[in-house]
Amino acid sequence: LHILKGKSALLTAQISEMGQLLCTGYDGAMHFWDIRHFEQPATEAVGHGAEIRSAGYSKYGNYCITASNDGSVRVFDARTGVSLGALPLPNPLHSMASVIDDDRAIAMCGDEQGQVFIVRVNGVRDASTQPQAIIEDSFLSVAAPAAKNR
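All figures in this text were calculated on a predicted structure; none of them were measured in a lab.

What about the packing of aromatic side chains?
Consideration 1: What the rule picks out here adds up to one aromatic pair.
Consideration 2: Where phenylalanine 32 meets tyrosine 57, the ring centres are 6.3 Å apart and the plane angle is 55°; that geometry is what we call tilted. Here the residue phenylalanine 32 occupies a position in strand β3 (residues 30-34), and tyrosine 57 occupies one in strand β5 (residues 52-57), the gap between them amounting to 25 residues.
Consideration 3: For phenylalanine 32, a relative accessible area of 2% corresponds to the buried category.
Consideration 4: What makes tyrosine 57 buried here is its relative accessible area of 13%.

Right, here's the structure in full:
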């Protein structure tokens, strides 16, 4: 049994396929631990202005994508904790599902108004050998919200 300490109450937790644990809390920060070395301090990633409601790892664990109550989607380098880009959306976000792999990088986010946004992460592909993060002018882009059924 290992007990790890974050800075605030935890909202989400994820484990990457490469053995990294991610936790997010009410402070808008993420904490990363290497599962093989719990005794080492966590790497902290900051960037959100409110709690992170949802987080997910890329296929090989090199990237993390988050959705926050500050109304933004953010992509982080999961090895360093550095924010690679953010996309502000009109309302606080409450849920997210994402995939970043060899072929695509997208997230689907839900807000408090019942809208769903499809977010494309441009220039990021996660490969088992060398990850690529090419920052473009439009690093994150969003498709139109899905129409509500009436």
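With respect to the pattern of salt bridges
Once the charged atoms of two side chains with opposite charge are near each other, the side chains can pair.
Consideration 1: Per the counting criterion, the structure on display carries one salt bridge.
Consideration 2: Residue aspartate 77 is joined to arginine 79 by a salt bridge in which the shortest nitrogen-to-oxygen separation is 2.8 Å.
Consideration 3: Of the residues examined, aspartate 77 reaches a relative accessible area of 12% and is grouped as buried.
Consideration 4: Note on arginine 79: relative accessible area 45%, which makes it partly exposed.

Conventions adopted
- Residues numbered from 1 in each chain as written.
- Predicted model: local features only at pLDDT ≥ 70, side-chain atom pairs only at ≥ 80, totals over all residues.
- Heavy atoms only, no water.
- Phe/Tyr/Trp six-rings, centres within 6.5 Å; stacked < 30°, edge-to-face > 60°.
- Helix = DSSP H or I, 4+ residues; strand = E, 2+ residues; numbered from the N terminus.
- Buried < 20%, exposed > 50% of the residue type's maximum accessible area, 1.4 Å probe, protein only.
- Salt bridge = Lys/Arg side-chain N within 4 Å of Asp/Glu carboxyl O.

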